[in-house]
Amino acid sequence: MSLTIWSSAAEIRDAVAGGEVSCAEVARLSLDRVSARNPPLNALLRVTEARALARAAELDALCARGGALPPLAGVPLVVKDNLCTRGERTTCASRILEDYEPPYDATAVSRLEGAGALLLGKANLDEFGMGSTGENSAFGPTLNPWDPARVPGGSSSGAAAAVASGMVPCALGSDTGGSVRQPAAFCGLYGLRPTYGRVSRYGLVAFASSLDQVGPLARTARDAFLAFAAISGPDPADSTSLPDPPEPLEPPAPRLEGLRVGLLADQLGADVDPEVRALVAGAAERLRAGGAEVREAALPHAGYGVATYYVLAPAECSSNLARFDGVRYGLREPREELLEQYEASRGAGFGDEVKRRVLAGTFVLSAGYRGAFYERARRARAAIAADFARAFAEVDLLLGPTTPGPAFPLGREGGDPLSLYLCDVFTIPPALAGLPALSVPCGFTAAGLPVGAQLVGRRLEERTLFRAAGFLEEALGLAGRHPS
Amino acid sequence: MALDVPVIGLEVHVQLRTRTKLFCGCGAGFGAPPNHLTCPVCLGLPGALPVLNAEAVRLAVRAALALHMAVTPHSRFARKNYFYPDLPKGYQITQHDRPLATGGWLEVPLPGGGAARVALAQLHLEEDSGKSLHAAAGGAGGSRLDFNRAGAPLAEIVTEPCLGSPEEAADFLRALHARLTFAGVTTGRMEEGALRCDANVSLRDPATGDGTERVEVKNLNSFRFVERALAHEVSRQREAVASGAVVARETRLFDPGSGATAVLREKETFEDYRYFPDPDLPPLVVGEALLAQERHRRDEAPEALRTRFRTEMGLPDYDAGVLTQDRETAAYFEAVARRCADPKAASNWVMTEVLRQVKAHGGDWTRLRVHPEELGALLAQVAEGRLSTALAKAVFARMAESGEEAGTAVRALGGPVVRDGETLSALVDEALRAQPRAAEDVRAGHGRALGVLVGEVLRRSGGRAEPRAARRLLRVRLGLDAEE
Ligand SMILES: [Zn+2]
């Protein structure tokens, strides 16, 4: 068997289709890697071995009958533990859902399994997707495979660590303000936030509904694309899903002719780590050398992004998390009085960051404050979206850093939520505008930490992102480098 | 004069007559065992999302048009946030700042003839909550929750504060009930909560324009309760004003047992529902096509129909009222009357036999297996004296039960009709022997006594004798001309 833990999803699928390896063997390879690497990294909250092996057996039987194999046949995958899986606990890394088993699968999960993927486990996260370090999990932090003293980013922390450490070639995360792209950047991966509405949110436990989007993380641009294509497309169960057909499975050719790239110069200022700045500028140079037209671009209102986001996302979160009241499911702290029971259940069930956001969100929607906060933030959101529309009249893609710096040490920012919120400064604006954005590995710092560049495209133009990503992947030659 | 004139406004919740709930595919019916009509969406399970029921929109638009309202082309849904155990998501999906329809009026017949127009403020769509079943105070087992009703589609119709007396309010509610039931918007079954009403009551001084604080009275779920509760509330406020007390702004609950209202909550603990647009639902667009269809099918208003039944068909007002209680009854009656050419006979049958059958099937007209044309034909036969009323009733009941055709039902009920031959001759002889006095009367020129003899023949034949033939033979035996 020529496959290794570093084989890509595309390679695994071809090996399965060519009869070189069975799905069961692929699953075993991944499960062994999980046994070896998960205890130190804490990337997966649960391993769904039985489910993966059952699906593998079905696919192997199909293969033996000579049936046509689906596009991700035999590819092991993990999904963030805020995606519902029927009969498998889905905790959102929260005490309040510690024992919760959904009666249905999220659309993205059933589409992946339908495409032949083997669901191997449920990945750790910042509780309910709230955080950017992976440290806000009720079940312990996830470590960065490149440097276990550092955070893997968040909130799709476990998904990123599982892919970067070779447990699986690909994972599904969710991105509200950067929760796929930022951990992808910290872990040296491709991480896509699709156009809002391109992937169904049905079965994704909501944090901020107008921002949440399911997206893949992978070690190669092609794998990220394949997973995206498999889960994209309209879903009658999600009223906000777009009517556009699923993305065709064949990735675009990595050619740059005629591509106009806007380099976001504002995002390469003094606040950004010099090594990150240099690596992103280097990526821009590569694109220019490859035939793209690179010019400077600006988003004048992007500076309001973080403030806007931290009004709107908590507002929606305060409402979305109201259902966790200990009445019908989840943690209940029984009390004689109803109000006391609510307070005790939610008090014991939610972590500090979740409580902070529920409180903030309740406040910004309250009578007397709504206008000053919530309504104003909605206007700022519209202004940021208008910035992007203006920029995309001139260019096809925008390029900048995904994060201001590389992965930082665990616990470093623990005391100061505000400085942590600023990590999302570049990933938030495209999320507010509902645009597709892809974090692409663009090199390593001197200390050996991966750095990501963010590509932002027009609505529904994920393919354009992958044209540039595929080119950079070849040009930068980073593919062979793995954490030790 | 002082503060004396009641000012009443009503908020009426009308359950729309849809097959499924407002945002999921669960049945919206009544009477299922607890929690049998539920799914992840209406239970508010994590990750589930609402999908708007187009039929509910259609019925709400129909209601708006019937009430002469302006339909908002782009309305939207909002979340009303509050905690209650029977509210599964911790918020209710409703419409707040952009309701489906505004303005409009309803004509309410006045007791002394004529009609008054009641001005309406708005109509909006919203989902119902579940039901809390509280154990007796101090009893074991606590409260139980039934979510069958959670998510049922409601249209809330709000009047302007323009009703001047409890009687007027009750008359309005009756007229609204008749109008919407007739249009097929709701089943109108009060006992199932198809129409529920809250009222706002205050007193006004017409000279100065001053008014008391508005008091909300809840739980007015029958026409009688509305009148009683409002009468109690108006006199309570008058007494308060007379004794120099202040009428506090508060919410009161009507207790049908005592006939009084009692404080539910004081407005000082003003609830802040933190409304904001629901990010899970796109704006509700009511297209021209739907409006055109609903305008086109707009029914003759029941009042107009009632007048027509009285004047053109010569029905008593009571009959006209019963027959226009809903659209189906009126349509069925008209079809029967057209076929049998005797409106009063058709009316008698529809009001008794037909409505009895429909009621036996829970008010479901689709389960009535006798086509109005068939009933019309049956009544024509009765009118021509070819079938006794008794046999016709038995035939109708059998047809309704078995779905058989009239001919089959007649045969099944004791063979063919007796209209000549020895059997009829023998029956006539028996009748003349049994009713010698009637026979004498007829011979003496009292033609009306012939009916007694015909009845006797029919009774002895078990309803199978053809009345017309029996009459003819009786006349011959009594020495009269065969034809009258
Ligand atoms: Zn349901």
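The model shown is predicted, which means the values in this text are computed figures rather than measured ones. Every residue gets a number counted from 1 within its own chain, in the order that chain's sequence is written. The naming scheme follows written order: chains are lettered A onward, ligands numbered 1 onward. Per-residue local features of the predicted model are confined to residues with pLDDT of at least 70, and side-chain atom pairs are confined, for both listing and counting, to 80 or more; whole-chain, interface and lining totals are unaffected and use all residues.

## So, the overall build of chain A
Right, so step 1: Helix and strand counts for chain A stand at 15 helices and 11 strands.
Right, so step 2: Against the compact-globule benchmark of 23 Å for 484 residues, chain A has a radius of gyration of 21 Å, which places it among compact chains.
Right, so step 3: Once the C-alpha set of chain A is aligned to its principal axes, its extents read approximately 65 × 50 × 45 Å.
Right, so step 4: A sequence separation of at least 24 residues applies to 76% of the contacts in chain A between residues at least 6 apart. Strands are runs of DSSP state E lasting at least 2 residues, helices are runs of H or I lasting at least 4, and numbering of each runs from the N terminus. In this description the radius of gyration comes from C-alpha coordinates, and the expected globular size is given by 2.2 Å times residues to the power 0.38. Residues are treated as contacting if the C-beta atoms built from their backbones sit within 7 Å of each other.

## Considerations on the overall build of chain B
Right, so step 1: Along the backbone of chain B there are 15 helices and 17 strands.
Right, so step 2: Whereas a compact globule of 484 residues would reach a radius of gyration of roughly 23 Å, chain B reaches 29 Å, over 25% beyond that.
Right, so step 3: Referenced to the eigenvectors of the C-alpha coordinate spread, the extents of chain B come out at roughly 90 × 60 × 55 Å.
Right, so step 4: In chain B, the proportion of contacts linking residues at least 24 apart, taken out of those at least 6 apart, comes to 68%.

## As for helix α12 (residues 421-434) of chain B
Residue and element names in this part refer to chain B.
Right, so step 1: Taking 1.5 Å of rise per residue, the 14 residues of α12 would be expected to cover 20 Å, and the 20 Å separating its terminal C-alpha atoms lies within 8% of that figure.
Right, so step 2: To sort residues by exposure, count the other C-beta atoms lying within 10 Å of each residue's C-beta; 20 or more gives buried, 12 or fewer gives exposed, and values between give partly exposed, all with C-beta atoms placed from the backbone. Residues of α12 that are buried: L424, L427, V428 and A431. Taken around the axis of α12, the buried residues stretch over an arc of 100°, which confines them to a single face. For α12, the exposed residues lying more than 90 degrees away from the buried face are E422, S425 and R433.
Right, so step 3: For α12, the secondary structure elements touched by its buried residues are α14 (450-460) and α15 (467-477). Here the expected span of a helix is defined as 1.5 Å times the quantity of residues minus one. Summarising the geometry, the arc corresponds to the directions from the helix axis toward the C-beta atoms.

## Digging into the interface of chain A and chain B
Right, so step 1: Taken together, the 32 residues of chain A in the interface contact 25 residues of chain B.
Right, so step 2: Sorting the residues of the side of chain A that touches chain B by element identifies α9 (305-320) and α10 (338-349) of chain A as the ones contributing at least two each.
Right, so step 3: Counting residues per element, the side of chain A that touches chain B draws most heavily on α9 of chain A, at three residues.
Right, so step 4: Polarity classes work like this: nonpolar for Ala, Val, Leu, Ile, Met, Phe, Trp, Tyr, Cys and Pro, charged for Asp, Glu, Lys and Arg, and polar for all others, with Gly in that last group. Grouping the constituent residues of the side of chain A that touches chain B by class yields 18 nonpolar, eight polar and six charged.

## Things to note about the environment of G114 of chain B
Right, so step 1: Positionally, G114 of chain B belongs in the loop between β7 (105-109) and β8 (115-127).
Right, so step 2: Overall, G114 of chain B belongs to the exposed group, with 8 C-beta atoms counted inside 10 Å.

## A few points about the packing of α12 of chain B against α15 of chain B
Residues and elements named next belong to chain B.
Right, so step 1: Axis definition: a line fitted to C-alpha atoms, limited for helices to the stretch in contact. Angles are taken between N-to-C directions and run from 0 to 180 degrees. At a closest axis distance of 10 Å, the pairing of α12 and α15 adopts a crossing angle of 60°. Relative to α15, α12 is oriented oblique. The way α12 lies across α15 gives a crossing that is right-handed. Across the interface between the two elements, L424, S425, V428 and L432 of α12 pack against A469, A470, L473, L474 and R477 of α15.
Right, so step 2: Residue composition of the contact of α12 with α15, grouped by class: seven nonpolar, one polar and one charged. The scheme is simple: roughly parallel for angles under 35 degrees, roughly antiparallel for over 145, roughly perpendicular for 65 to 115, oblique for anything else. Here a crossing is taken to be left-handed if its near helix is turned anticlockwise relative to the far helix by less than a right angle, and right-handed if that turn runs clockwise.

## So, the nonpolar core
Right, so step 1: Counting 227 residues, the largest nonpolar core has L77 and A171 of chain A together with A60 and A63 of chain B as its most contacted members.
Right, so step 2: Per-element tally for this core: the top contributor is helix α7 (residues 221-231) of chain A, with nine residues.
Right, so step 3: Setting aside chain neighbours within four positions, we find L77 of chain A in contact with L112, A117, L118, L119, L120, V168, C170, A171 and L172 of chain A.
Right, so step 4: Put simply, a nonpolar core is buried Ala, Val, Leu, Ile, Met, Phe, Trp, Tyr and Cys residues tied into one set by C-beta atoms within 7 Å. By size, the runner-up hydrophobic cluster in this structure holds 47 residues, among which are V358, A400, A409 and L450 of chain B.

## Some words on the domain arrangement of chain B
All names here are of chain B.
Right, so step 1: Taken domain by domain, chain B comprises domain 1 (5-288), domain 2 (300-412) and domain 3 (421-477).
Right, so step 2: Listed as interface residues are 11 residues of domain 1 and, on the opposing side, seven residues of domain 2.
Right, so step 3: Those elements that provide at least two residues to the side of domain 1 that touches domain 2 are β7 and α2 (166-182).
Right, so step 4: Ranked by residue count, the leading element in the side of domain 1 that touches domain 2 is α2, at four residues.
Right, so step 5: Here the side of domain 1 that touches domain 2 is composed, by residue class, of four nonpolar, four polar and three charged. Domain limits in this description derive from either an automatic procedure or a database domain assignment.

## Quick word on the pairing of strand β2 (residues 76-80) of chain A
All names here are of chain A.
Right, so step 1: In terms of residue burial, β2 counts as a mostly covered element, since five of its five residues are buried.
Right, so step 2: When β2 meets strand β3 (residues 118-123), the two strands line up parallel, connected through five bridges. Paired with K80 across the two strands is A123, which belongs to β3.
Right, so step 3: When the strands point away from the viewer and the connection leading from the first strand across the helix to the second strand turns clockwise, the crossover is called right-handed. Crossover connection from β2 via helix α4 (residues 107-114) to parallel β3: handedness right-handed.
Right, so step 4: As judged from the three bridges shared by β2 and strand β4 (residues 170-175), these two strands associate in the parallel manner. Bridge pairing in β4 links V78 to A171. Pairing between two strands is assigned when DSSP locates at least 2 bridges connecting them.

## Examining the sheet that holds strand β5 (residues 91-94) of chain B
All names here are of chain B.
Right, so step 1: Judged by pairing direction, the sheet is antiparallel, and its three strands sit side by side in the order β5-β4-β16 without closing on themselves. The outermost strands of the open sheet, each flanked by one partner alone, are β5 and β16 (276-277).
Right, so step 2: Pairing of strand β4 (residues 78-81) with β16, which is carried by two bridges, proceeds in the antiparallel orientation. Following the sheet pairing, R79 is matched in β16 by F276.

## Brief notes about the packing of helix α7 (residues 327-340) of chain B against helix α8 (residues 343-360) of chain B
To describe two helices that pack against each other, one gives the angle between their axes and the distance between the axes.
Residues and elements named next belong to chain B.
Right, so step 1: With their axes 9 Å apart at the nearest point, α7 and α8 run at an angle of 135° to one another. Classed by the angle they form, the pair α7 and α8 counts as oblique. In the crossing of α7 with α8, the sense of the turn from one axis to the other is right-handed. Contacts between α7 and α8 involve T329, Y332, F333, V336, A337 and C340 from the former and P343, A345, A346, S347, W349, V350 and V354 from the latter.
Right, so step 2: Classifying every residue of the contact of α7 with α8 gives 11 nonpolar, two polar and no charged.

## Some details on unusual backbone geometry
Residues and elements named next belong to chain A.
Right, so step 1: Between G154 and the following residue, S155, the backbone shows a cis peptide bond with an omega angle of 10°.
Right, so step 2: Turning to its location among the elements, S155 is positioned in the loop between β3 and α5 (157-164).
Right, so step 3: Backbone geometry at L460 places phi at a positive 70°, although glycine is not the residue there.

## Notes on the sheet that holds strand β5 (residues 190-193) of chain A
Residue and element names in this part refer to chain A.
Right, so step 1: The mixed open sheet is built from 11 strands, whose spatial order is β1-β3-β2-β4-β6-β5-β10-β11-β9-β7-β8. Only two strands of the sheet have a single neighbouring strand rather than two, namely β1 (44-47) and β8 (293-297). Here the strands of the sheet are splayed against their neighbours by 30° on average, with no regard to which way each runs.
Right, so step 2: In this structure, β5 lies alongside strand β6 (residues 213-218), joined through two bridges in antiparallel fashion. Within the sheet, the bridge partner assigned to Y190 lies in β6 and is A218.
Right, so step 3: Against the sheet, helix α3 (residues 49-64) engages β1, β2 and β3, with an angle of about 160° to β3.
Right, so step 4: Packed on one face of the sheet, α5 meets β1, β2, β3, β4 and β6 and runs near 155° to β4.

## Points about the environment of L284 of chain B
Right, so step 1: Inspection of the secondary structure assignment puts L284 of chain B in strand β17 (residues 284-285).
Right, so step 2: Ignoring sequence-local partners within four residues, the contact set of L284 of chain B consists of L52, V57, S75, R76, F77 and L100 of chain B.

## Observations concerning the pairing of β8 of chain A
For a regular strand, the rule is simple: side chains alternate between the two faces of the sheet.
All names here are of chain A.
Right, so step 1: Sheet topology note: the strand β7 (residues 260-264)/β8 ladder contains five bridges and is parallel. Following the sheet pairing, L263 is matched in β8 by E296.
Right, so step 2: With respect to chirality, the unit in which β7 leads through helix α8 (residues 274-289) into the neighbouring parallel β8 is right-handed.

## Some details on helix α12 (residues 371-391) of chain A
Right, so step 1: The first and last C-alpha atoms of α12 of chain A sit 29 Å apart over 21 residues, in line with the 30 Å expected at 1.5 Å per residue.
Right, so step 2: Turning to α12 of chain A, its buried residues are F373, Y374, A377, R381, I384, D387, F388 and A391 of chain A.

## What about the environment of G173 of chain A?
Right, so step 1: Within the element layout of this structure, G173 of chain A appears in strand β4.
Right, so step 2: When residues no more than four places from it in sequence are discounted, the contact partners of G173 of chain A are K80, S156, A159, S179, V180, G215 and L217 of chain A.

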